[in-house]
Amino acid sequence: MPSIADQRDREQALDLTRSFIVQAPAGSGKTELLIQRYLGLLGAVQFPEQILAVTFTRKAAEEMKSRIIDALHTAQNPTPPESAHQRKTWQLAKAALAKNSKESWHLLENPARLKIQTIDSFCAGLTQQMPIMSKTGGGLSIQENARNLYTETAHRILALVEEDSRAGESARIILSHLDNSKSSFLKRVIQLLEKRDQWMVEFFDKFPVTENLRIYQEKILSALIENILLDAQKSFSPQIAVKLIPLAVYSGRILAIEKPDHDNVCLQSLTDTLPDPSTDNLSQWKALANLLLTGKDELRKTINVSMGFPSAKNDQKARQMKDDFLDLLENLASETELLNLLTEVKRLPDPKFSDEEWTVLQATLTLLPEISATLRKIFIEQQKTDFTEISLAASNALGEELNPTDLLLYLDTRIQHILLDEYQDTSFKQHRLLKLLTAGWEPEDGRSLFIVGDPMQSIYRFRDAEVGIFLRTQEKGLENIPLTPLKLKTNFRSQKKFVDWANSCFKNVFPNFNDEEIGRAHV
């Protein structure tokens with residue numbers, strides 16, 4: 001039986017006048033909730049095509065459509081089911097059947113009117129409707145693994161080093177940076193193409209690479225660094241921090257005498273609290289990470305004078321500090337999340353680009369439009385494409401929020417309700433597509449968005465899935481659409497003892513808090 005809180009959230013989710021984002025773990029009955037919402041909408045819309053249900057896999061889309069059709073067939077039986085949740089589905093399906101009969105939709109004879117699709121098939125449909133605007137030309141076959149196309153693109157980009165052009169100069173700079181290793185160059189270009197979802201959204205056209213861009217990029221880098229430092233600061237319990245600070249200060253003071261050039265000397269200037277999570281304090285945060293972790297990123301087991309803890313044979317204070325530090329290390333052994341974050345801190349770059357770094361980055365940014373154009377040329381030559389290109393092309397086919405195409409204007413009047421499953425597997429390009437589809441929506445205009453997912457089940461990183469999008473949408477909504485967050489917790493699939501055991505086993509894998517910037521979900 002669902003808990004009272006679960007039952008309340010399930011009832012709320014069927015309020016068709018509001019939009020929701022539902023966090024639903026495995027076994028929580030989220031598919032049935034989606035079906036109930038869909039059936040409820042069928043009983044309220046003017047025609048079934050006003051409802052768009054999108055999921056991630058063909059199997060999920062087929063299952064959802066099959067269960068909705070089954071529910072409509074079951075509702076033809078005048079006797080309601082005994083269980084409460086099945087009875088609710090039956091009631092909603094019965095109302096949908098009545099609307100089906102009144103409007104002569106003939107859904108049972110023509111189930112194709114139920115618009116339940118994968119995100120890829122929906123995007124492919126958009127590009128076919130607007131082949132010129134989408135820049136695909138239509139008729140391209142989709143390759144699930146397009147690495148051979150990326151490899152061909154990389155070889156053509158490498159060939160630019162022989163050209164007297166801006167792109168050729170950029171290619172030469174990058175190749176020189178990679179010690180003239182052609183294999184490394186090819187590998188980097190292929191990696192860029194595999195992740196182009198994360199840069200193509202911003203760079204459809206050529207863009208100026210100026211000194212202002214350098215300042216902007218450094219601000220972004222600083223923000224990312226400070227976000228990780230903040231996570232590290234939050235992961236320190238007050239008890240650990242109180243014990244660590246005096247030990248770190250002691251270590252820094254000893255090193256200032258014994259090894260004044262040591263990076264950890266900066267620890268001597270710590271106050272009675274952890275450093276603020278600012279890039280100004282990055283050296284102190286790195287020193288703390290180096291103090292606690294070995295060169296192999298493992299928690300230290302021993303300590304000596306090289307880290308600011310001299311021999312304690314004839315010095316009672318030194319002996320006490322050494323013993324206290326070893327006790328602290330024992331306490332930290334179970335702090336998996338903290339140790340993982342400290343490992344990240346050790347690897348953080350300087351927030352300011354050196355001139356050499358900026359020259360290489362500038363060359364890379366300059367080369368991105370050429371990489372994109374070359375890949376598209378190969379797509380056309382071989383009459384093939386990939387999922388990323390289809391999604392990007394779909395966005396092109398819709399235009400921009402302030403400059404929509406006729407297709408987007410048409411969809412804006414046609415689609416009234418969107419249900420999106422497995423939202424934790426959404427990528428940046430798919431998120432942008434959703435924003436375009438809902439850009440014209442106004443509060444209380446009768447349209448609704450219903451998002452379902454579980455950030456702890458995000459598995460499609462290879463398809464550019466970004467769980468941080470779910471966390472951000474859960475926290476802030478979607479542009480002009482306020483989303484009420486709901487959480488389902490009751491597991492109908494597994495016994496409580498097994499669920500509790502699984503949670504205890506994996507509690508150290510997940511962080512203590514959500515981090516939308518780098519995509520980490522709290523249990």
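Refer to the structure printed above.
Residues numbered from 1 in each chain as written. Predicted model: local features only at pLDDT ≥ 70, side-chain atom pairs only at ≥ 80, totals over all residues. Heavy atoms only, no water.

Trainee: What exactly am I supposed to notice about the packing of helix H7 (residues 147-158) against helix H16 (residues 355-382) here?
Mentor: Two packed helices can be described by the angle between their axes and the distance between those axes. For the pair H7 and H16, the least separation of the axes is 9 Å and the interaxial angle reads 130°. As the angle between them shows, H7 and H16 are arranged oblique. Between H7 and H16 lies a crossing whose hand is right-handed. Here Leu 149, Tyr 150, Glu 152, Thr 153, Arg 156 and Ile 157 of H7 lie close against H16, whose contacting residues are Leu 367, Glu 370, Ile 371, Thr 374, Leu 375, Lys 377, Ile 378, Phe 379, Glu 381 and Gln 382. (Axes fitted to C-alpha atoms, helices over the stretch in contact; angles between N-to-C directions. Helix = DSSP H or I, 4+ residues; strand = E, 2+ residues; numbered from the N terminus. Parallel < 35°, antiparallel > 145°, perpendicular 65-115°, else oblique. Left-handed = near helix turned anticlockwise from the far one by under 90°. Contact = heavy atoms within 4.5 Å.)

Trainee: What is the right way to look at the pattern of salt bridges in this model?
Mentor: Applying the stated criterion across every chain, the model contains 17 salt bridges. Glu 152 is the partner of Arg 156 in a salt bridge, and the nearest nitrogen-oxygen pair spans 2.8 Å. Note that Arg 156 and Glu 152 are positioned in helix H7 at a spacing of four residues, about one turn of the helix. Through salt bridges with shared partners, one network takes in Glu 211, Arg 214, Glu 218, Lys 352 and Asp 355. (Salt bridge = Lys/Arg side-chain N within 4 Å of Asp/Glu carboxyl O.)

Trainee: Would you mind going over the packing of aromatic side chains with me for this structure?
Mentor: Here a ring pair, both rings aromatic, is described through the centre-centre distance and the interplanar angle of the planes. A complete count under the given rule lists six aromatic pairs for this structure. Considering the side-chain rings of Phe 20 and Phe 450, the 6.3 Å spacing of their centres and the 75° angle between planes classify their relative orientation as edge-to-face. You can see Phe 20 sitting in strand E1 (residues 20-23) and its partner Phe 450 sitting in strand E7 (residues 448-453), a full 430 residues away along the chain. Exposure class is identical for Phe 20 and Phe 450. Each is buried. When the centroid spacing of 6.4 Å and the interplanar angle of 45° are considered together, the rings of Phe 236 and Trp 285 count as tilted. Of this pair, Phe 236 sits in the loop between helix H11 (211-235) and helix H12 (238-258) while Trp 285 is found in helix H13 (residues 282-292), placing the two residues 49 residues apart along the sequence. Of the residues examined, Trp 285 reaches a relative accessible area of 0% and is grouped as buried. Pairwise contacts between aromatic rings join Tyr 250, Phe 309 and Phe 325 into one cluster. (Phe/Tyr/Trp six-rings, centres within 6.5 Å; stacked < 30°, edge-to-face > 60°. Buried < 20%, exposed > 50% of the residue type's maximum accessible area, 1.4 Å probe, protein only.)

Trainee: What's the story with the sheet that holds E7 in this structure? I'm lost.
Mentor: Neighbouring strands of a sheet are bound in pairs by backbone hydrogen bonds; such pairs are parallel or else antiparallel. Taken together, six strands build an open sheet; the order of strands is E3-E2-E6-E7-E1-E8 and the sheet is parallel. Looking at strand neighbours, the two that pair on one side only are strand E3 (115-118) and strand E8 (484-487), the edges of this open sheet. Each strand of the sheet is rotated relative to its neighbour by a mean of 15°, with strand direction disregarded. Sheet topology note: the E1/E7 ladder contains four bridges and is parallel. Looking at the pairing, Ile 21 lines up with Ile 451 of E7. Packed onto the sheet, helix H2 (residues 30-42) meets E1, strand E2 (51-55), E3, strand E6 (417-420) and E7 and runs at close to 165° relative to E7. Helix H3 (residues 58-74) contacts E2 and E3 of the sheet and is inclined by roughly 165° relative to E3. (Pairing = 2+ DSSP bridges.)

Trainee: Is there a simple way to explain the nonpolar core in this structure?
Mentor: Soluble globular proteins tend to pack their nonpolar side chains together in the buried interior. Ranked by internal contacts, the top residues of the largest apolar core, which has 75 residues, are Phe 185, Phe 236, Leu 292 and Phe 325. The next biggest cluster of nonpolar side chains, apart from the first, holds 36 residues, and it includes Ala 13, Ile 51, Met 64 and Ala 71. (Core = buried A, V, L, I, M, F, W, Y, C linked by side-chain atoms within 4.5 Å.)

Trainee: Help me out: how do you make sense of the pairing of E2 in this one?
Mentor: Each regular strand shows side chains that alternate between the opposite faces of the sheet. The buried fraction of E2 is high, at five of five residues. Residues of E2 alternate between two faces, with Ile 51, Ala 53 and Thr 55 on one and Leu 52 and Val 54 on the opposite face, all of them buried. As paired strands, E2 and E6 are joined by four bridges and run parallel to one another. Bridging across to E6, Val 54 finds its partner in Leu 420. When E2 meets E3, the two strands line up parallel, connected through four bridges. Within E3, the residue paired with Thr 55 across the bridge is Thr 118.

Trainee: What's the story with the packing of H7 against helix H9 (residues 182-194) in this structure? I'm lost.
Mentor: Two numbers describe how H7 lies on H9: the axes approach to 9 Å, and their chain directions differ by 130°. Taken as axis vectors, H7 and H9 run oblique relative to one another. In this structure, the crossing between H7 and H9 has a hand that is right-handed. Along its contact with H7, which presents Arg 147, Tyr 150, Thr 151, Thr 153, Ala 154, His 155, Ile 157 and Leu 158, the element H9 presents Lys 182, Phe 185, Leu 186, Val 189, Ile 190, Leu 193 and Glu 194. A class-by-class count of the residues in the contact of H7 with H9 yields nine nonpolar, three polar and three charged. (Nonpolar A, V, L, I, M, F, W, Y, C, P; charged D, E, K, R; others polar.)

Trainee: What is the right way to look at the side chain of Glu 218 in this model?
Mentor: Mapped onto the elements, Glu 218 comes out in helix H11. Glu 218 gets classed as buried once you look at its relative accessible area, which sits at 10%. Within the local environment of Glu 218, its side chain forms a polar contact with the backbone nitrogen of Phe 353, the two atoms lying 3.0 Å apart. When neighbours within four sequence positions are excluded, Glu 218 is seen to be in contact with Pro 351, Lys 352 and Phe 353. (Polar contact = N/O pair within 3.5 Å; in protein donor to acceptor, adjacent residues only side chain to side chain.)

Trainee: Whenever I open this one, H9 confuses me. Can you help?
Mentor: Along an α-helix, residues three or four apart share an orientation, since each turn contains 3.6 residues. Compared with the 18 Å implied by 1.5 Å per residue over 13 residues, the 18 Å span of H9 between its first and last C-alpha is a close match. Among all positions in H9, only Phe 185, Leu 186, Val 189, Ile 190 and Leu 193 are buried. Buried residues in H9, looked at end-on, bunch into an arc of 130°, giving them a common side. Tucked into the core, H9 has its buried residues touching H7, helix H8 (166-177) and H16. (Expected span 1.5 Å × (residues − 1). Arc of directions from axis to C-beta.)

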